[in-house]
Amino acid sequence: MAKRIQISQHGGPEVMQLIDVAIPEPAAGEVVVENKAIGINYIDTYVRSGLYPASLPSGLGTEAAGVVKSVGEGVTALKVGDRVVYAQSALGSYSEYHAVHVDKLALLPDNISFEQAAASFLKGLTVHYLLRQTYVVQPDEIFLFHAAAGGVGLIACQWAKALGAHLIGTVGSADKAQRAKQAGAWATINYREEDLASRVGELTDGKKVRVVYDSVGKDTWEASLDCLQRRGLMVSFGNSSGPVSGVNLAILNQKGSLYVTRPSLNGYVTTRDALTSASNELFSLIGSGAIKVEVPPQQKFALKDAQQAHKTLESRATQGSSLLIP
Ligand code: NDP
């Protein structure tokens, strides 16, 4: 038997229950991974709350790193004992064992630990497509990235620095500002205290920015548009404060003929080749030390403490990534 987090209804963290299940068998094209470290993503809270769809009862989580325990029919790329990391799996990575399609898995280089991998894979692939594909950030370019001290945010700070770009990061506290700066943010704005658009104006000599990456959603939507140059691009990629809804498209005209995109990782990493190419880039930045992935001890939770982990994440108390350890 194995432990797994399951939800039978949508709601707050209390709907997550630890249950015993049989160790899964791999279907054709799948491997079963014995998870060693499980990545917690803000998206998991949307699935739990019902903001994102799931048929109940459901597992939670789509990311972990571990060791291949068994291999299904037709899988030739991986063998029992391989060290692997995965993201975008079927729901259920909050578990000791998870069956994962081979297209969602990457072999883990020896110099990257399970914890580093689970803390950076989904978030790093996200930063990869945001900065390298959705809008190609240029050296010396100044741009705005929200929640810069978060899991995705700290990787974005470091990736931007590696590209020679100047990331202005929003943060919710002075501690978080310091952490984002340490990770390579060129400037920070405490959006709980400072006026976002005026500060972006000051930092850019009145020019504003060509791209805003906004994962906060509802609370920052309109202020983010005010930070954009004429014909700039708003990349709205998350809902940490709640989803953006009821938008009158005329606002894009009024604020300067703006563009908006609402991307997701699933729309970019669609093939095994795309996964391999993006993960190689990520692993090489981690391997070179350009991206450091350090999870503070208080953000490593036992699998049975998944409720507490979600409470902590949703209270805005975390910096960088958080993990569940089976
Ligand atoms: P984070 O570690 O960034 O946690 C969320 C952060 O958002 C908080 O720490 C907080 O930082 C900030 N925040 C602002 N307002 C609120 C609020 N009202 N409630 C809670 N948090 C708030 O999470 P992740 O790194 O896991 O994810 C970051 C974002 O990226 C999420 O919105 C997620 O959905 C999105 N995402 C999107 C993907 C895509 O492909 N579209 C893929 C992966 C993630 P502070 O205190 O500094 O304000």
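These figures come from a predicted structure and were not determined experimentally.

Right, let's get into the overall build of the protein chain. Scanning the protein chain for helices and strands turns up 9 helices and 16 strands. Taken over C-alpha atoms, the radius of gyration comes to 20 Å for the protein chain, in line with the 20 Å a tight globule of 326 residues would show. Counting all 326 residues of the protein chain, 52% fall into the buried class. Carbon and sulfur atoms provide 48% of the accessible area of the protein chain, an area that totals close to 13,900 Å².

A few words now on helix α4 (residues 174-182). Every buried residue of α4 is listed here: Lys-176, Ala-177 and Ala-180. For α4, the angular spread of buried residues about the axis comes to 105 degrees, placing them on one side. Exposed positions of α4 whose direction lies more than 90 degrees from the buried face are Ala-174, Asp-175, Gln-178 and Gln-182. Positive phi shows up at Gly-184, right after α4, with a value of about 120 degrees.

Let's shift gears to the packing of helix α1 (residues 42-49) against helix α9 (residues 306-314). Put simply, α1 and α9 touch, their axes get as near as 10 Å, and they point 110 degrees apart. Regarding the angle of α1 to α9, the classification is roughly perpendicular. The hand of the α1/α9 crossing is left-handed. Contacts between α1 and α9 involve Tyr-42, Asp-44, Thr-45 and Arg-48 from the former and His-310, Leu-313 and Glu-314 from the latter. Taken together, the residues that form the contact of α1 with α9 break down as 2 nonpolar, 2 polar and 3 charged.

Here the domain parsing of the protein chain yields domain 1 (2-120 + 269-325) and domain 2 (139-263). With centres defined by C-alpha atoms, the gap from domain 1 to domain 2 works out at 27 Å. At the boundary of domain 1 with domain 2, total buried surface from both sides reaches about 1,500 Å², with 51% on carbon and sulfur atoms. The largest contributions to the domain 1 side of the interface with domain 2 come from Ile-291, Arg-316 and Gln-319, which together make up 36% of the buried area. Counting across the interface, domain 1 meets domain 2 through 0 salt bridges. Summed over the shared surface of domain 1 and domain 2, the result is 9 residue pairs in polar contact (both at pLDDT 80 or more). Where the side of domain 1 that touches domain 2 is concerned, the elements lending two or more residues are α1, α2 (114-134) and α8 (272-288). Considering each element in turn, the side of domain 1 that touches domain 2 owes the most residues, 3 residues, to α8. Taken together, the residues of the side of domain 1 that touches domain 2 sort by class into 9 nonpolar, 5 polar and 4 charged.

All right, on to the environment of Ala-185 then. Within the fold, Ala-185 resides in the loop between α4 and β11 (187-190). Among the residues examined, Ala-185 registers a relative accessible area of 7% and is labelled buried. Sequence separation between Ala-185 and Ile-168 is 17 residues, and the spatial gap between their C-alpha atoms is 6.1 Å. Excluding anything up to four places from it in sequence, Ala-185 contacts Cys-157, Leu-167 and Ala-180.

This next bit is on the nonpolar core. In this structure, Phe-121, Phe-143, Phe-145, Leu-167 and Tyr-213 are the most contacted members of the largest nonpolar core, which totals 55 residues. Looking at this core, the element that brings in the most residues is α2, giving 11 residues. Shared between two domains, this core takes at least three residues from each, and those domains are domain 1 (2-120 + 269-325) and domain 2 (139-263). Membership of the second largest hydrophobic core comes to 27 residues, among which are Val-15, Val-31, Leu-60 and Ala-64.

All right, on to the pattern of salt bridges then. On inspection of all chains with the given rule, the structure shows 13 salt bridges. Glu-63 is the partner of Lys-123 in a salt bridge, and the nearest nitrogen-oxygen pair spans 4.0 Å. Of the two residues, Lys-123 is situated in helix α2 and Glu-63 in the loop between β4 (58-59) and β5 (64-71); the sequence distance between them amounts to 60 residues. One exposure class covers both Lys-123 and Glu-63, and it is buried. With its nearest N and O atoms 3.9 Å apart, the salt bridge here joins Glu-222 to Lys-255. Separated by 33 residues along the polypeptide, Glu-222 in helix α6 (residues 221-226) and Lys-255 in the loop between α7 (250-254) and β14 (259-261) bring together distant segments of the chain. Look at the salt bridges and you will find they share partners, linking Glu-194, Arg-199 and Glu-202 into a network.

Rules used in this analysis
Residues numbered from 1 in each chain as written. Predicted model: local features only at pLDDT ≥ 70, side-chain atom pairs only at ≥ 80, totals over all residues. Heavy atoms only, no water. Helix = DSSP H or I, 4+ residues; strand = E, 2+ residues; numbered from the N terminus. Rg over C-alpha atoms; globule rule 2.2 N^0.38 Å. Buried < 20%, exposed > 50% of the residue type's maximum accessible area, 1.4 Å probe, protein only. Areas by Shrake-Rupley, 256 points an atom, 1.4 Å probe, with all protein chains shown as cover. Arc of directions from axis to C-beta. Axes fitted to C-alpha atoms, helices over the stretch in contact; angles between N-to-C directions. Parallel < 35°, antiparallel > 145°, perpendicular 65-115°, else oblique. Left-handed = near helix turned anticlockwise from the far one by under 90°. Contact = heavy atoms within 4.5 Å. Nonpolar A, V, L, I, M, F, W, Y, C, P; charged D, E, K, R; others polar. Domains from an automatic or database assignment. Buried area = accessible area lost by both parts, 1.4 Å probe. Salt bridge = Lys/Arg side-chain N within 4 Å of Asp/Glu carboxyl O. Polar contact = N/O pair within 3.5 Å; in protein donor to acceptor, adjacent residues only side chain to side chain. Core = buried A, V, L, I, M, F, W, Y, C linked by side-chain atoms within 4.5 Å.

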